[in-house]
Amino acid sequence: MIQMKNVYKKYSNGIVALNGMNVEIDQGEFVYVVGPSGAGKSTFIKMMYREERPTSGQMFVDGIDIATLKNSKVPLLRRQIGVVFQDFKLLPKLNVYENVAFALEVIEEKPEEIRKRVLKVLDLVGLKHKARMFPTELSGGEQQRVSIARSIVNKPKVVIADEPTGNLDPETSWDIMRLFEQINKSGTTILMATHNREIVNSMRHRVIAIEGGLIVRDVAGGDYGYEG
Amino acid sequence: MKARTLGRHFRESLKSLGRNGWMTFASVSAVTVTLLLVGVFVLIMMNLNKIADDVENDVEMKVFIALETGQEDIDRLENEISVLPGVESVDFSTKEEELTDLILNFGDDFSLYEQNNPLFDVFYVKSIDPQQTEKVAGEISKIDQIEKVEFGAGKIEKLFNVLNTGRNVGLVLILALLFTAMFLISNTIRITIVARRHEIEIMKLVGATNWFVRIPFILEGMWLGLLGSIIPIGLVAALYYNVTVYAEPRLKNEIFQLLEFSPFIYQVSALILLMGIFIGVWGSFMSIRKFLRV
Ligand SMILES: Nc1ncnc2c1ncn2[C@@H]1O[C@H](COP(=O)(O)OP(=O)(O)O)[C@@H](O)[C@H]1O
Ligand SMILES: [Mg+2]
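All figures in this text were calculated on a predicted structure; none of them were measured in a lab.

1. Focus on a nonpolar patch on the surface
Residue and element names in this part refer to chain B. On the surface, a cluster of nonpolar side chains totalling about 440 Å² of accessible area is made up of W211, F278, W282 and F285. Ranked by residue count, the leading element in the nonpolar patch is helix 9 (residues 261–292), at three residues. The topology assignment puts F278 in helix 9.

Below, the structure is given as structure tokens:
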């Protein structure tokens, strides 16, 4: 699903965020990305959907060559990938249903198909009954559910999440994690940067630890590995 | 592109017009002023061109006979001129007939000259070929007892000077206005882009194509240009209608005519409309390139 070979990323300000990364992630895996602040986790994540371009090295996502991908082809890559953020990135003027439908409308999906799929994912994340409510009327956890619904409504092969529980209380974080587990069970690859030690240590999955732009540890069913 | 998508883009672009309120008004006003000047400029320049052409193509010369020339000499001169190569016809007109004409065309103010007519007896000489007029005029002016020869080309030299100066001044003015209008439009579009940056970010994240993201902004620019062309088209058409109605009877006896209201005014209207759209679309492209990064 995801292959990186000697991927190196230097930002225009001279900071080297990834310093020769080698990694392989298979279809259906659930992977945590951990490490201290500034280690390069977000940069690593952004490479996946070509928000950032590798400075050198080889990289493939779902068979697409990221390093040489033309700007005009980036939309095709993004349609294969769902993305979830710490701050949800919902549109405040659209209600729950519209926020999710938006992702399909802008890629010109058929209206009947949009309706069918949006209702289905809202059911999956448990928000069908709040479809007409607006983001400001929802709790943080519910907003994150909406953004997760939006990320999977196009049936992506991989969902990428950058600290999706970073803004949520522990209770709500567990709910959100259970939702990711459920999505993963249906065969979707999950790649998640997180600082949440309890979760990583109890919902065991592969852990990739990054420090200074390098993978320092890569263990299946590993633990978080950093103190508090 | 699907019709449904196009409908969505249209709705988005129209919504932005309302949301940007004053900026929309300022942009449309700038386009209006610009296109109004462009329109009037085109009316004037095209008509001056037409007049220059008409005058240039005129084959008639006015040959002034020296004062105190007797009837016998006049008859001789008429013969002499009519046998010159390139001459088609020669018509004699007395100074009394000339004055009657003048009074007819320019009003009774001239009737006070009836006591003491200052005009010359003249021949109206036509050359066969407009290209030959200047040469024939030269031949005729060599003849004794001919005071002077007037013909189109002499008169239009002045006109061409006016034409050139007018064109240069007008072009500079219009270019400056075009840039102002485009700048205002690109600013309006920038405001829309900033207002919708979250929406754009999400569109791009979920895989909307670059054109899908761009089109609403291009359409918004197009509306600004289109709205700005309405008043200029109306005013220019009304203005030119009145000019032609006023000028037509007064130019009846002249060798030159203004361009006919139709189809000229439709061509000018189309030009104004196209320029409006061009300004609008170009203005929004400037912002898209700078602020959208798609
Ligand atoms: N857009 C950017 N431009 C320049 N430097 C950046 C940019 N994004 C991140 N960095 C730098 O790259 C390094 C890695 O950042 P990041 O990938 O965000 O780490 P993490 O998510 O692990 O905290 C940091 O030193 C950060 O300052
Ligand atoms: Mg980060």
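2. Notes on the packing of helix 7 (residues 197–205) of chain B against helix 8 (residues 210–250) of chain B
In helix packing, the relevant descriptors are the interaxial angle and the interaxial distance, both defined with respect to the helix axes. Residue and element names in this part refer to chain B. Running from amino to carboxyl end, helix 7 crosses helix 8 at an angle of 150°, the nearest separation of the two axes being 10 Å. On the basis of the axis angle, helix 7 is roughly antiparallel to helix 8. Across from I200, M203 and K204 in helix 7, the residues of helix 8 making contact are F212, V213 and F217. Grouping the constituent residues of the contact of helix 7 with helix 8 by class yields five nonpolar, no polar and one charged.

3. Side note on the pairing of strand 4 (residues 56–61) of chain A
Residues and elements named next belong to chain A. Pairing of strand 1 (residues 2–10) with strand 4, which is carried by five bridges, proceeds in the antiparallel orientation. What sits directly across from Q3, in strand 4, is F60. With two bridges joining them, strand 4 and strand 5 (residues 64–65) adopt antiparallel strand pairing. By the bridge assignment for strand 5, F60 is matched with D65. Between strand 4 and strand 5, which pair antiparallel and follow one another directly, the connecting turn spans two residues, one of which, D62, has a positive phi of 50°.

4. Comments concerning the nonpolar core
Residues and elements named next belong to chain A. Y32, V118, L122 and F180 are the most contacted members of the largest nonpolar core, which totals 90 residues. Discounting chain neighbours no more than four positions away, the residues touching Y32 are M177, M192, T194, I199, V200, M203, H205, R206, V207 and I208. In terms of nonpolar packing, the next biggest core, distinct from the first, is built from 32 residues, L18, V33, A39 and V158 among them.

5. Observations concerning unusual backbone geometry
Backbone torsion omega between S262 of chain B and P263 of chain B reads 10°, so that peptide bond is classified as cis. One non-glycine residue with positive phi stands out, namely N6 of chain A, at about 50°. As for its position among the elements, N6 of chain A is in strand 1. Positive phi values are uncommon outside glycine, yet Q145 of chain B reaches one of about 70°.

Cut-off values and rules
- Residues numbered from 1 in each chain as written.
- Chains lettered and ligands numbered in written order.
- Predicted model: local features only at pLDDT ≥ 70, side-chain atom pairs only at ≥ 80, totals over all residues.
- Heavy atoms only, no water.
- Patch = residues over 30% accessible without salt bridge, like charges linked within 9 Å, V, L, I, M, F, W, Y side chains within 5 Å.
- Areas by Shrake-Rupley, 256 points an atom, 1.4 Å probe, with all protein chains shown as cover.
- Salt bridge = Lys/Arg side-chain N within 4 Å of Asp/Glu carboxyl O.
- Helix = DSSP H or I, 4+ residues; strand = E, 2+ residues; numbered from the N terminus.
- Axes fitted to C-alpha atoms, helices over the stretch in contact; angles between N-to-C directions.
- Parallel < 35°, antiparallel > 145°, perpendicular 65-115°, else oblique.
- Contact = heavy atoms within 4.5 Å.
- Nonpolar A, V, L, I, M, F, W, Y, C, P; charged D, E, K, R; others polar.
- Pairing = 2+ DSSP bridges.
- Core = buried A, V, L, I, M, F, W, Y, C linked by side-chain atoms within 4.5 Å.
- Buried < 20%, exposed > 50% of the residue type's maximum accessible area, 1.4 Å probe, protein only.

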